[in-house]
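Listed here are the chains, written in short residue letters.
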Amino acid sequence: MKRIVTIQDFSCVGKCSLTSALPVISAAGVEACGIPTALLSNHTGFDTFYSRDLTEELPPIGAGLKRENITFDAIYTGYIASIHQMQLISDFIDEFGDDALIFVDPVMGDNGRIYSGLSSDYPEHIRKLCGRADILAPNVTEACLLLNKEYSPDISRGEIEQMLVELFSLCGKYAFITGVREGGNIGAVGYDGSEFHACFMPHEDIVCAGTGDILSAAFLGAVMRGADFNKALDIAVSFTYEAVRITENDPERRFYGVQFELALPYYIEKISEI
Ligand code: PXL
């Protein structure tokens with residue numbers, strides 16, 4: 001069985017990061033290991049949140065894993081709470097990354113804005129971590145922040161492709177941008193260094209936290225189960241769409257989490273078809 005370690009925060013309420021990524025990776029039939037970067041009462045999209053930074057815990061956790069000769073097939077980083085943590089995660093990649101696929105989701109913003117609690121120099125620092133990645137998975141806002149481009153919700157396909165070329169030169173294996181809008185559709189565009197691959201679904205009029213996190217986890221889970229990058233992107237986008245549609249159809253839904261749980265059977269079926 002393949003083994004992924006994902007390094008991101010644990011938000012007790014508000015499905016995102018570890019609480020979303022771990023069950024999706026498990027559903028792919030891949031061992032899901034998690035290292036928390038911070039412990040939050042709830043994600044930062046709420047009006048208030050309590051956050052405890054876990055930076056100091058990273059080196060002893062890494063040392064403990066090393067002592068047991070534990071290895072990983074992929075290292076997947078998501079929300080990172082501080083700039084100092086990025087250096088420690090880079091050290092973790094030095095220790096454990098030799099035979100692992102490095103997947104960096106540079107989680108830092110949405111809808112043109114950086115998440116509250118992150119400093120304005122955050123993008124220039126995470127860019128360095130992106131240089132360690134094999135695969136990069138920003139949303140449109142994060143791609144603009146990484147590449148110092150003006151954000152616009154209706155950015156053209158040509159500009160998306162231009163950004164993908166730049167992102168690919170940072171990571172070298174595959175880059176994709178999520179949350180791309182075209183007409184009434186929303187989806188992702190990937191680039192493998194020679195061809196672009198687009199995958200779109202109808203755009204549902206609902207704001208859901210955590211959609212990027214389940215998409216990234218679903219993509220990497222599919223890759224670990226043998227899907228090529230474009231196929232994995234198709235599976236991840238259609239699973240995320242399914243989850244958003246289910247969330248939208250629930251009259252009792254709360255604003256703080258995509259109901260991905262009910263879409264897991266769909267994802268498992270797609271994985272079984274690889
Ligand atoms: O889903 C992205 C994310 C991850 N982690 C934390 C967040 C968010 C988005 O708001 O606040 C703590």
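Refer to the structure above for everything that follows.
Residues numbered from 1 in each chain as written. Predicted model: local features only at pLDDT ≥ 70, side-chain atom pairs only at ≥ 80, totals over all residues. Heavy atoms only, no water.

(A) Here's a closer look at the packing of helix 4 (residues 122-130) against helix 5 (residues 140-147). Look at helix 4 against helix 5: their axes get within 8 Å of each other, and the N-to-C directions meet at 95°. The pairing of helix 4 with helix 5 is recorded here as roughly perpendicular in orientation. Along the contact surface, helix 4 presents Pro123, Ile126, Arg127 and Cys130, while helix 5 presents Leu145, Leu146 and Leu147. In terms of residue class, the contact of helix 4 with helix 5 is made up of 6 nonpolar, no polar and 1 charged. (Axes fitted to C-alpha atoms, helices over the stretch in contact; angles between N-to-C directions. Helix = DSSP H or I, 4+ residues; strand = E, 2+ residues; numbered from the N terminus. Parallel < 35°, antiparallel > 145°, perpendicular 65-115°, else oblique. Contact = heavy atoms within 4.5 Å. Nonpolar A, V, L, I, M, F, W, Y, C, P; charged D, E, K, R; others polar.)

(B) Spotlight on the pattern of salt bridges. Per the counting criterion, the structure on display carries 10 salt bridges. Between Glu31 and Arg3 there is a salt bridge, and its shortest N-O distance comes to 3.2 Å. Here Glu31, found in strand 2 (residues 31-42), pairs with Arg3, found in strand 1 (residues 3-13); they are 28 residues apart in sequence, far enough to count as distant. For Glu31, a relative accessible area of 32% translates into the label partly exposed. Judged by relative accessible area, Arg3 falls into the partly exposed class, the value being 23%. The closest approach of N and O atoms between Lys15 and Glu261, which form a salt bridge, is 3.2 Å. Taken together, the residues Lys15 in the loop between strand 1 and helix 1 (17-27) and Glu261 in the loop between helix 8 (229-249) and helix 9 (264-272) connect sequence positions 246 residues apart. In the salt-bridge network here, residues are joined through shared partners; they are Arg157, Glu161 and Glu182. (Salt bridge = Lys/Arg side-chain N within 4 Å of Asp/Glu carboxyl O. Buried < 20%, exposed > 50% of the residue type's maximum accessible area, 1.4 Å probe, protein only.)

(C) Here's a closer look at the environment of Arg225. By the element assignment, Arg225 lies in the loop between helix 7 (211-224) and helix 8. Overall, the relative accessible area of 42% leaves Arg225 in the partly exposed class. Here the alpha-carbon distance between Arg225 and Glu166, two residues 59 residues apart in the chain, equals 28 Å. Among all residues touching Arg225, those that are not within four sequence positions of it are Ala28, Gly29, Val30, Ile271 and Ile274. Among the polar contacts made by the side chain of Arg225, one reaches the main-chain carbonyl oxygen of Ala28 at a distance of 2.7 Å. (Polar contact = N/O pair within 3.5 Å; in protein donor to acceptor, adjacent residues only side chain to side chain.)

(D) Structural context of the side chain of Gln259. Checked against the element boundaries, Gln259 lands in the loop between helix 8 and helix 9. The contacts of Gln259, once residues within four sequence positions are left out, are Lys15, Ala243, Ile246, Thr247, Asp250 and Arg253.

(E) Fine view of the site of the ligand. Near the ligand, the surroundings consist of Asp9, Ser11, Cys16, Ser17, Leu40, His43, Thr44, Tyr79, Val107, Tyr115, Gly210 and Asp213. At 2.8 Å, a side-chain N or O of Asp9 approaches a nitrogen atom of the ligand. Taking Ser17, its side chain carries an N or O atom lying 3.0 Å from a nitrogen atom of the ligand. Protein chains shield 94% of the accessible area of the ligand, which is 310 Å² for the free molecule. More than half of the atoms belonging to the ligand lie within 2 Å of the grid points that define the largest pocket. Partitioned by chemical class, the residues of the shell around the ligand number 5 nonpolar, 5 polar and 2 charged. (Near = heavy atom within 4 Å. Areas by Shrake-Rupley, 256 points an atom, 1.4 Å probe, with all protein chains shown as cover. 1 Å grid on protein atoms, 1.4 Å probe; cavity = no way out; pocket = protein on both sides within 12 Å on 5 of 7 lines; lining within 4 Å. Sits in = over half its atoms within 2 Å of the grid points.)

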